[in-house]
Amino acid sequence: QNKAWLYTPQLLLECRARANREAREALGGPSVDNAKQPTLVPIRWWASGYGNSEREEQDYEGGGPWKTTSGGHDMLTPTEETMLISFYSSHLPGLIGPQAQVPRMRRDVKVVATAGLIFRRFFLSNSVMIHDPKTTMVAAAFLASKVEDCMADIRFLEEGTQLMNAPVGREEILPAELRLIEGVHFELMCFHPYRAVLAYTEDLRTFLKSEKGRTIVKSNRPIVGEDLRPMHDAARQLIDLVIISDIPLLFSPGKVGLAALMVANEESAVRIDFMGYVKKRFDDKNLEQFERLATELIELSKMLKGLRKGEYGCGANENLDMTILKRAHKKLKKCRAWGEKKKKKKRKAEEMAEGEK
């Protein structure tokens with residue numbers, strides 16, 4: 001995961017801009033308008049290892065000369081695509097996981113975390129204009145249940161999509177699952193910050209009882225295990241937002257878990273000097289490594305605080321601009337390669353013909 005699926009913010013933007021440009025090139029050709037997606041453009045997976053690969057510097061931001069499809073419809077920008085990906089990703093917890101609407105779809109939180117990560121990995125190399133994001137989201141939930149050995153019945157998954165007023169049938173889910181597997185280069189293993197939060201909390205319970213540990217906590221009495229529970233629970237709630245954002249593509253689970261505890265500690269009754277904890281607990285590291293880690297943790301802590309505002313690709317916020325989102329959806333319906341455009345046009349023509357009779 002660290003080698004193949006971690007990026008800088010700039011590389012993340014570059015991946016999405018490149019996927020958008022490739023979709024524009026495919027949709028902008030005169031012979032591909034309204035074509036079915038398998039023949040339109042192959043499934044891409046070049047984002048795997050993109051940060052470690054040698055590549056020529058290219059400007060993908062302009063989107064090339066293809067601003068509209070051959071039918072004259074405006075195409076989505078990379079920013080609009082990212083917004084749609086965040087929107088669909090935010091609906092995963094209601095489909096599968098502890099908060100699923102269908103009781104039979106309730107699984108451990110690691111399942112929804114894996115689904116969100118696989119979903120975002122796929123759309124680093126591919127575009128929502130070529131692949132239906134709703135169907136891909138549902139396929140990601142189905143695939144994640146297998147990856148995490150918590151198999152879900154596809155019938156209840158269908159029921160969940162109906163409760164969300166966005167029905168997706170099994171005849172769509174299964175082909176989308178195969179495309180999804182190929183689009184992430186068959187790399188399905190995912191690691192999440194939940195275990196890191198638990199591991200650091202358990203380590204703190206032991207370390208704070210030591211002579212070194214007592215110097216990094218502000219308390220008038222000895223710290224017991226239950227004193228850390230509120231901080232642990234608050235950090236886990238923060239991770240619930242992390243898993244539906246871009247953060248897992250930017251930082252390793254261990255760093256995210258530690259930064260989540262740092263943020264949770266700011267509102268905790270037990271105040272711990274986490275920088276002191278890192279320095280004393282890992283005193284075998286040299287000063288340069290510590291300073292680099294400290295800088296990353298401070299930056300990451302600021303990013304985690306922004307998740308509640310919907311920053312960094314987190315679609316779970318109350319201030320989502322529905323006007324902009326609806327505009328992007330409207331554009332997608334007109335420029336997409338998937339769907340049944342021809343059938344709709346044919347039905348309209350038949351209705352008009354009947355009216356004339």
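The structure displayed is predicted, hence computed values, not measured ones. (Residues numbered from 1 in each chain as written. Predicted model: local features only at pLDDT ≥ 70, side-chain atom pairs only at ≥ 80, totals over all residues. Heavy atoms only, no water.)

Engineer: Which parts of the structure should I look at to understand the overall build of the protein?
Structural biologist: Counting secondary structure elements, the protein contains 15 helices and two strands. Counting only contacts in the protein whose residues sit at least 6 apart along the sequence, the fraction spanning at least 24 positions is 79%. (Helix = DSSP H or I, 4+ residues; strand = E, 2+ residues; numbered from the N terminus. Contact = heavy atoms within 4.5 Å.)

Engineer: It is not clear to me how the packing of aromatic side chains should be interpreted in this structure. Could you clarify?
Structural biologist: In this description, a pair of aromatic rings is defined by centroid distance and the angle of the planes. Tallied over the entire structure, the rule returns six aromatic pairs. Residues Trp46 and Tyr50 carry aromatic rings whose centres are separated by 5.5 Å and whose planes lie at 55 degrees to one another, so their mutual orientation is tilted. Both residues of the pair, Trp46 and Tyr50, count as buried. Ring plane angle 85 degrees and centroid distance 5.0 Å describe the contact between Phe122 and Phe123, whose orientation is recorded as edge-to-face. This pair shows no difference in class: Phe122 is buried, exactly as Phe123 is. Ring-pair connections join several aromatic residues into one group, and the members of that group are Phe119, Phe122 and Phe123. Over the ring of Phe156 we find Arg155; its NZ or CZ atom is 5.8 Å from the centre of that ring. (Phe/Tyr/Trp six-rings, centres within 6.5 Å; stacked < 30°, edge-to-face > 60°. Buried < 20%, exposed > 50% of the residue type's maximum accessible area, 1.4 Å probe, protein only. Lys NZ or Arg CZ within 6 Å of the ring centre and 35° of its normal.)

Engineer: Hey, could you run me through the pattern of salt bridges in this one?
Structural biologist: Tallied over the entire structure, the rule returns 15 salt bridges. Linking Arg170 and Glu158 is a salt bridge whose minimum nitrogen-to-oxygen distance equals 3.1 Å. Of the two residues, Arg170 is situated in helix 8 (residues 170–183) and Glu158 in helix 7 (residues 154–163); the sequence distance between them amounts to 12 residues. Note on Arg170: relative accessible area 38%, which makes it partly exposed. The buried category is assigned to Glu158, whose relative accessible area is 16%. (Salt bridge = Lys/Arg side-chain N within 4 Å of Asp/Glu carboxyl O.)

Engineer: Can you help me understand unusual backbone geometry in this one?
Structural biologist: Both trends apply: most residues other than glycine have a negative phi, and most peptide bonds are in trans. The backbone phi angle of His185 is positive, close to 60 degrees, even though this residue is not glycine. Owing to a relative accessible area of 28%, His185 belongs among the partly exposed residues under this scheme. For Phe186, which is not a glycine, the phi torsion comes out positive at approximately 60 degrees. Relative to the elements of secondary structure, Phe186 occurs in the loop between helix 8 and helix 9 (193–207).

Engineer: Can you walk me through the confidence of the model for the protein in this structure?
Structural biologist: A low pLDDT score tells you not to read the predicted coordinates there in detail. Looking at the protein, pLDDT values average 85 and 84% of them are 70 or higher. Residue range residues 31–39 is modelled with pLDDT below 50. Its contacts to residues more than four positions away, or to other chains, number 17 contacts. Every residue in residues 342–346 scores below 50 in pLDDT, and together they form three contacts with partners more than four places removed in sequence or on other chains. (pLDDT = per-residue confidence, 0-100.)

Engineer: So what exactly am I meant to see when it comes to the nonpolar core here?
Structural biologist: The nonpolar side chains of a soluble globular protein tend to be buried, and buried together. Tyr7, Ile247, Ile272, Phe274, Tyr277 and Leu304 are the most contacted members of the largest nonpolar core, which has 113 residues in total. It is helix 5 (residues 109–125) that contributes the most residues to this core, 11 residues altogether. Residues within four places of Tyr277 in sequence aside, it is in contact with Tyr200, Asp203, Leu204, Phe207, Ile216, Leu258 and Phe282. (Core = buried A, V, L, I, M, F, W, Y, C linked by side-chain atoms within 4.5 Å.)

Engineer: Explain the side chain of Asp246 to me, please; I cannot follow it from the model alone.
Structural biologist: The topology assignment puts Asp246 in the loop between helix 10 (229–242) and helix 11 (253–265). Asp246 gets classed as buried once you look at its relative accessible area, which sits at 7%. One polar contact links Asp246 to Arg16, side chain to side chain, over a distance of 2.8 Å. Filtering out sequence-adjacent residues up to four positions away, Asp246 remains in contact with Leu12, Arg16, Arg120, Tyr312 and Gly313. (Polar contact = N/O pair within 3.5 Å; in protein donor to acceptor, adjacent residues only side chain to side chain.)

Engineer: Just to check I follow, could you spell out helix 11 for this structure?
Structural biologist: Because the α-helix completes a turn every 3.6 residues, residues three or four places apart line up on one side. Given a rise of 1.5 Å per residue, 13 residues ought to cover 18 Å, and the 18 Å separating the end C-alpha atoms of helix 11 matches this to within 8%. Where burial is concerned, most of helix 11 is hidden: 11 out of the 13 residues are buried. Taken together, the buried positions of helix 11 are occupied by Pro253, Val256, Gly257, Leu258, Ala259, Ala260, Leu261, Met262, Val263, Ala264 and Asn265. Structurally, helix 11 contributes buried residues whose contacts are with helix 9, helix 10, strand 2 (271–272), helix 12 (274–281) and helix 13 (287–305). (Expected span 1.5 Å × (residues − 1).)

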